Amino acid sequence: MDKFVEAMQMMAKMTDEEKMKAIDMNKSLCICRACPSYNDCAKENGELLYCSLGSSPTCITEATVCICTGCPVTSKMGLKNLYFCTKGSEKEQRGM
Ligand code: SF4
Ligand code: SF4
């Protein structure tokens, strides 16, 4: 089975507390802060983990470089997309 679909199924079985812990763990692995597309507004708002939480609400409107392929979350979650801060979460980009 697709790794991301498997990860989503695992998440669906988690309690809210477990989900929050998993999100915090992945946030700590997120390398968006090192990306040229990441800006001060996103930093000030503590935005991270766009691949799971969805696009940047107002801070990042244009992204010309994406370094998500080098992020541990990409292999961990089996992500296939990029530019989550502007295009939406992996789930959204897959039309799930
Ligand atoms: S894949 Fe991209 S958006 Fe997701 S945690 Fe890694 S750097 Fe952040
Ligand atoms: S999702 Fe990709 S483009 Fe957006 S800030 Fe993170 S690494 Fe950069």
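Residues numbered from 1 in each chain as written. Chains lettered and ligands numbered in written order. Predicted model: local features only at pLDDT ≥ 70, side-chain atom pairs only at ≥ 80, totals over all residues. Heavy atoms only, no water.

Draft legend 1. Just the site of ligand 1, in detail. Within the structure, ligand 1 sits among C30, I31, C32, L49, Y50, C51, C68, C71, V73, T74 and L79. Counting residues per element, the ones that place at least two in the shell around ligand 1 are α4 (50-53) and α5 (72-77). Taken together, the residues that form the shell around ligand 1 break down as 10 nonpolar, one polar and no charged. (Near = heavy atom within 4 Å. Helix = DSSP H or I, 4+ residues; strand = E, 2+ residues; numbered from the N terminus. Nonpolar A, V, L, I, M, F, W, Y, C, P; charged D, E, K, R; others polar.)

Draft legend 2. Broad picture of the site of ligand 2. The local shell around ligand 2 consists of C32, C35, S37, Y50, V65, C66, I67, C68, F84 and C85. Each residue belonging to the shell around ligand 2 can be placed in one class, and the counts come to nine nonpolar, one polar and no charged.

Draft legend 3. Looking closely at the state of the cysteines. Summed over the entire model, instances satisfying the criterion amount to one disulfide. Residue C41 pairs covalently with C59 via a disulfide, S to S 2.0 Å. Taking the sign of the torsion about the S-S bond as the criterion, the disulfide between C41 and C59, at about -60 degrees, is left-handed. Of this pair, C41 sits in helix α3 (residues 40-44) while C59 sits in the loop between α4 and α5, placing them 18 residues apart in sequence. According to the relative accessible area criterion, C41 is partly exposed, its value standing at 29%. Residue C59 is classed as buried on the basis of its relative accessible area of 9%. (Disulfide = S-S within 2.5 Å. Buried < 20%, exposed > 50% of the residue type's maximum accessible area, 1.4 Å probe, protein only.)

Read these as layout, nothing more, since geometry by itself doesn't imply function.
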